[in-house]
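Given next are the chains, with one letter for each unit.
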Amino acid sequence: MDLKLKLEQLHQRVVGLKDQINTEEATKNAFVMPFIQILGYDIFNPTEVVPEHICDIGTKKGEKVDYVIRKNDEPILIFECKHWKESADAHNSQLHRYYHVSRARFGVLTNGTVYNFYTDLEKPNIMDEKPFFTINIEDLKDSSIKILESFTKQQYNLETILDSAEALKYIKAIRKEFEKEIELPSDDLVRLLVSRFFDKSLTANRMQTFKEYTKKALTISINESISDRLKSALNINEQIEKKQEDNNVNPIIETGDSAKITTTEEELEAFQMVKAILREKIPSGRIAARDTQSYFGVLLDNNNRKPICRFHFNTSNKYLEIFHNGKDAGEKILLGNLDEIYSHRLELHQTIENY
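Residues numbered from 1 in each chain as written. Predicted model: local features only at pLDDT ≥ 70, side-chain atom pairs only at ≥ 80, totals over all residues. Heavy atoms only, no water.

1. A closer look at helix 5 (residues 158-183)
In a regular helix each residue adds 1.5 Å, so 26 residues correspond to 38 Å; helix 5 covers 37 Å between its end C-alpha atoms and thus fits that length. Taken residue by residue, helix 5 has Ile161, Leu162, Ala165, Leu168, Lys169 and Ile182 as its buried positions. The opening residue of helix 5, the one whose side-chain oxygen lies 3.2 Å from the backbone nitrogen of Glu159, is Asn157. (Helix = DSSP H or I, 4+ residues; strand = E, 2+ residues; numbered from the N terminus. Expected span 1.5 Å × (residues − 1). Buried < 20%, exposed > 50% of the residue type's maximum accessible area, 1.4 Å probe, protein only. Polar contact = N/O pair within 3.5 Å; in protein donor to acceptor, adjacent residues only side chain to side chain.)

Put into structure tokens, the structure is as follows:
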């Protein structure tokens, strides 16, 4: 089973259990230890995964870090854990002290859902104030999973990680600033862009107007880029539509005007969730998708007669339509959030079994 699927299963576990987890110790047992195990380390071997490892700090004796991960008898990772309700950013001073005496090059601060990875890029043997890498179990990204692979027991290589840590740190910082600019463009960015085509002075009123224009332009550009990439990846083209017409198939997916179809980030994320669930039963190559003006559909074998589910995300309420009863009309289910898709795993599997 690949790393992504294991992490998605851990996410389902977190969602299902966290309301019953009332202590830090329970958080460690239910969430953090499975995460360490997913990385390939033997949580039942106290010489590889060392719990309550003593890190004496100056005159303070008996100070303990929650876990130390060892490889070839050398400490490589230290974990400091907090209750899942606490912020994973709130206690790095404690991890900072442990890092100084542990001899490990990487420290992890976690609340069981968010994992912040630290190292000493700025000053040797002194942990940086900000993490160079963060992964959130409740918001998994393919790019983050790829980075996490380098921390697995099988792929861990100190020099390789250190070589990329600086890039990760500053890419993260730049991306954060870029996201701020998308949400609220700064005067500097607006001046930079507008000066290339607008030769008049920017009054206060003009600046505010161009800020709104800039925000809309950035949003449209990003949405269209996402839509174009998804259509390319799913091979939605005229040849498929022509083949359907030749076979005299009445398509379940509406064709519509493709120029009016915008694939959203939520639809793309929901598709990845469903795909992860279905991969437990069938190869990913058999899972196809089509976007329409009315809904986003997921199909078995790219066959319009084999709909698996549909996402109706074009209104204020979001619905998942599933076809597990083997009927032409699906069952629409109101979603409070995208994570609730995982609670319909059995119905999605049943649809596959029916076909």
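After presenting the structure, the write-up continues.
2. A word on the packing of helix 1 (residues 3-17) against helix 2 (residues 24-38)
Contact geometry for helix 1 and helix 2: axes closest at 11 Å, N-to-C directions at 175°. Here helix 1 is positioned roughly antiparallel relative to helix 2, judged by the angle of their axes. Contacts between helix 1 and helix 2 involve Leu3, Lys6, Leu7, Leu10, Arg13, Val14 and Leu17 from the first element and Ala30, Phe31, Pro34, Phe35 and Ile38 from the second. Across the contact of helix 1 with helix 2, the residue classes tally to ten nonpolar, no polar and two charged. (Axes fitted to C-alpha atoms, helices over the stretch in contact; angles between N-to-C directions. Parallel < 35°, antiparallel > 145°, perpendicular 65-115°, else oblique. Contact = heavy atoms within 4.5 Å. Nonpolar A, V, L, I, M, F, W, Y, C, P; charged D, E, K, R; others polar.)

3. Looking at the sheet that holds strand 11 (residues 331-335)
Spatially, 7-8-9-10-11 is the arrangement adopted by the five strands of the open sheet, whose pairing is antiparallel. Across the chains shown, the open sheet's two edge strands, defined by having one partner strand only, are strand 7 (287-291) and strand 11. With direction set aside, neighbouring strand axes in the sheet form an average angle of 20°. Taken together, the five bridges between strand 10 (residues 318-322) and strand 11 define a ladder with antiparallel strand orientation. (Pairing = 2+ DSSP bridges.)

4. With respect to the nonpolar core
One finds Phe35, Phe79 and Phe117 to be the most contacted residues of the largest nonpolar core, which totals 39 residues. Of the residues forming this core, the biggest block, seven residues, is contributed by helix 2. In this view, Phe79 contacts Val32, Phe35, Ile36, Val65, Asp66, Tyr67, Ile69, Val108, Thr110 and Tyr115; residues no more than four positions away in its chain are not counted. Listed in part, the 25 residues of the second largest apolar core include Phe271, Ile277, Leu278 and Cys309. (Core = buried A, V, L, I, M, F, W, Y, C linked by side-chain atoms within 4.5 Å.)

5. Some words on the pairing of strand 4 (residues 106-110)
Burial of strand 4 is extensive: five of the five residues sit out of reach of the surface. Here strand 4 shows two buried faces, one formed by Phe106, Val108 and Thr110 and the other by Gly107 and Leu109. Taken together, the five bridges between strand 3 (residues 74-81) and strand 4 define a ladder with parallel strand orientation. Residue Phe79 lies in a different strand from strand 4, and its bridge partner there is Val108. Bridge count between strand 4 and strand 5 (residues 114-118): four bridges; the pairing is antiparallel. Of the residues in strand 5, the one forming a bridge with Val108 is Phe117. Counted along the chain from strand 4 to the antiparallel partner strand 5, the turn is three residues long, and its residue Gly112 has a positive phi close to 90°.

6. Re the pattern of salt bridges
Going through the model one piece at a time under the given rule, you end up with 22 salt bridges. Between Lys28 and Asp66 there is a salt bridge, with its nearest N and O atoms 3.1 Å apart. Of this pair, Lys28 sits in helix 2 while Asp66 is found in strand 2 (residues 64-71), placing the two residues 38 residues apart along the sequence. Note on Lys28: relative accessible area 3%, which makes it buried. Lys215 is paired through a salt bridge with Glu183; the nearest N and O atoms lie 3.9 Å apart. Of this pair, Lys215 sits in helix 7 (residues 204-233) while Glu183 is found in helix 5, placing the two residues 32 residues apart along the sequence. Using a relative accessible area of 29% as the deciding quantity, one classes Lys215 as partly exposed. Accessibility expressed as a relative area gives 54% for Glu183, which makes it exposed. (Salt bridge = Lys/Arg side-chain N within 4 Å of Asp/Glu carboxyl O.)

7. Observations concerning the side chain of Thr119
Within the secondary structure, Thr119 sits in the loop between strand 5 and strand 6 (133-136). Setting aside residues up to four positions removed in sequence, Thr119 forms contacts with Tyr99, Arg105, Phe106, Ile126, Met127, Asp128, Phe132, Leu162 and Ala165.

8. With respect to the pairing of strand 8 (residues 296-300)
Judged by how many residues are buried, strand 8 sits mostly within the fold: five of five residues are covered. Alternating residues of strand 8 divide into Phe296, Val298 and Leu300 and Gly297 and Leu299, and every residue in both groups is buried. Judged from the five bridges that link them, strand 7 and strand 8 form a sheet pairing that is antiparallel. Considered in strand 8, the bridge of Ile287 is made with Leu300. The loop that links strand 7 with its antiparallel partner strand 8 comprises four residues. Here four bridges tie strand 8 to strand 9 (residues 307-312), and the two strands are oriented antiparallel to one another. Residue pairing for strand 9: Phe296 is matched across the bridge by Phe311. What sits between the antiparallel neighbours strand 8 and strand 9 is a turn of six residues, in which Asp301 has the positive phi angle 60°.

The values reported here are purely geometric and, on their own, carry no functional implication.
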